[in-house]
Amino acid sequence: MADAPSSPVARERFDALAGLAFPPTNRDSLPVRAPYDDSVVGDVPLSTPDDVRTAVEDARAAADEWASWPVEDRVAVIRRFHDALLDRRESILDVIQTETGKARVDALEEFLDAATAARYYGNHAKQVLTPTRRGGAIPLLTKTVEHHHPVGVVGIISPWNYPLSLSISEAIPALLAGNGVVIKPDEGTPFTPLWGLELLHECGLPEGVLQVVTGEGPTLGEPLVEAVDHVSFTGSTEVGRIVAEAAGRHLTECSLELGGKNALLVLDDADVEKAARGAVRGSFANAGQLCISIERIYVHESVADDFRDAFLRKARALALDAGYDYDHDVGSLLDGELLAKVEAHVEDAVEQGATVLTGGRARPNLGPYFYEPTVLTDVTPEMTLADEETFGPVVSLYEVESVSEAIERTNDSAYGLNASVWTKNEDRGEQVATRLEAGTVNVNDAYLAAWGSFDAPMGGMKNSGIGRRHGRRGMRKYTESQTVATQRVVSFSPPKRGKRLWAEAATVGVRLWKRISELGP
Ligand code: NAD
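Residues numbered from 1 in each chain as written. Predicted model: local features only at pLDDT ≥ 70, side-chain atom pairs only at ≥ 80, totals over all residues. Heavy atoms only, no water.

The protein chain is annotated in an unreviewed UniProt entry as Succinic semialdehyde dehydrogenase of Haloferax elongans ATCC BAA-1513. In its Sequence similarities (unreviewed entry) section, the UniProt record describing the protein chain reads: "Belongs to the aldehyde dehydrogenase family." (UniProt positions renumbered as here; feature names shortened; annotations may be inferred.)

**Student:** Got a minute to help me understand the overall build of the protein chain in this structure?
**Tutor:** When you go through the protein chain residue by residue, the secondary structure sums to 18 helices and 20 strands. Its C-alpha atoms give the protein chain a radius of gyration of 26 Å, near enough to 24 Å, the size a compact globule of 521 residues would have. Principal axes of the C-alpha set define a box for the protein chain whose edges measure 90 × 60 × 40 Å. Relative to its 521 residues, the protein chain shows a buried fraction of 54%. Long-range contacts, defined as pairs at least 24 residues apart, comprise 75% of the intrachain contacts of the protein chain with a sequence gap of at least 6. (Helix = DSSP H or I, 4+ residues; strand = E, 2+ residues; numbered from the N terminus. Rg over C-alpha atoms; globule rule 2.2 N^0.38 Å. Buried < 20%, exposed > 50% of the residue type's maximum accessible area, 1.4 Å probe, protein only. Contact = heavy atoms within 4.5 Å.)

**Student:** Looking at this model, I keep getting lost on the environment of glycine 336. Mind explaining?
**Tutor:** With respect to the helices and strands, glycine 336 occurs in helix 12 (residues 336-351). What makes glycine 336 partly exposed here is its relative accessible area of 34%.

**Student:** Would you mind going over the site of the ligand with me for this structure?
**Tutor:** Near the ligand there are 28 residues, and of these Ser158, Lys184, Ser236, Leu258 and Glu389 occur at the shortest range. The side chain of lysine 184 places a nitrogen or oxygen atom 2.7 Å from an oxygen atom of the ligand. Separating a nitrogen atom of the ligand from a backbone N or O atom of leucine 258 is a distance of 2.7 Å. Coverage of the ligand by the protein amounts to 88% of the 850 Å² it exposes when considered alone. Of all the secondary structure elements, the ones that give two or more residues to the shell around the ligand are helix 8 (217-227), strand 8 (230-234) and helix 9 (237-250). When its residues are assigned to classes, the shell around the ligand shows 14 nonpolar, 8 polar and 6 charged. (Near = heavy atom within 4 Å. Polar contact = N/O pair within 3.5 Å; in protein donor to acceptor, adjacent residues only side chain to side chain. Areas by Shrake-Rupley, 256 points an atom, 1.4 Å probe, with all protein chains shown as cover. Nonpolar A, V, L, I, M, F, W, Y, C, P; charged D, E, K, R; others polar.)

Shown next, in the form of structure tokens:
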């Protein structure tokens, strides 16, 4: 193996970040490794279920005061965070790259996501949280107002692949809504959310409101779900089911952002060069370890040869290597487990007749977990990777005879997270998009157009999730709605005498109301 670059972050810095984790009751610790060379870069506490319960109690106590702040003051903290984050770009990119092994351009994408979350929710929090006047039971005589209270404490269980986006970006709307937040980051990537916690404190977030509890998912997951008022889980569909079961048992509200087997459709009128460029980014961004990345491509037979040539040319030109600079396009996989899964998926496909058009092998000369961007064809339904998420840099190319076939095959999946449509005709692209069973669809882009449209919800249909992040919904889910209805003049109690007359009058009133409401808003 070539000498992999060592992390630019000093061990003492990681030790200082580890000191911000919720203080554990025991002395056990969890080593954190750099995927580039598998070296241990630091240790974090191995917390226990009791630690989780105490962290939630502490967050609840701190959030009492935090929720009483005027929303403008909470917004001011998040606005300061936005600016400070942008000022410290290179520092956070170093931390993210160290613990994920991703390319710097991929770390940049989630850094920009966190800034966008801070800006968007900073700008919209007041409007989303302001009590809203609603139509009353009897027009003019019932005054009805919907209030949005914080739920209390939000638990965030996050995966390793986007450790800043999926912990800190997710925490921002919950914090702005006045909640306490407890983050349980992935075992492999605790330093990024700890870095975010430190910066939020520096920007004025009171101590205790946000807690980061480090440790193992199977041990800490259920106690967290039990103790909090809403759990936001991002991760695999398999673990999502476990979290949902626990949430059901404890009647804890939950939102789940899960896996995908996302398709990209190249229509007969697509600009093939542009589609190929988008497909390369879509398939190999973050070395394919992105929930919304593309693992299936359906290309119309009339442009199939041109698209394949352009796609392979661009895929082969990607720079795969380790480096804490912007010189490389594709980084490492996270660990040996993921590498073994990617290898098993490709081997299984090849054994059953799939053809490797490019890639198809690990690159231990670059680092222990590097795998080449891989394009397969002749993939058939019996092969594991035909339906299962690989979560690596592997994409299957299929030729189709019509748009209807592409739509049908895209929808023939248990997942429904993201999709991409390429065409020169925007209207046509948008029409195809609405026929796809996916929570986000990008026309003439692979995934960033929808991901970056923060004002619109993002999430999965079918086995890809429950609930949505982003948009107003992404903040409202962290609130408890309360309806306050004040009745004036007329009472709803039937009179002691004359109930028949009362029934007639009520029926006439309801009939009249329908007529009036049909006249317009
Ligand atoms: P994972 O499900 O293995 O782990 C996610 C988190 O769950 C980690 O923090 C882990 O410690 C925790 N966990 C593990 N067992 C648990 C248990 N029994 N109870 C509670 N928590 C537990 O997922 P991963 O491998 O880290 O991430 C990859 C998966 O996440 C892929 O399937 C990917 O598609 C999905 N993902 C989805 C989105 C999305 O927005 N839809 C975003 C990123 C990743």
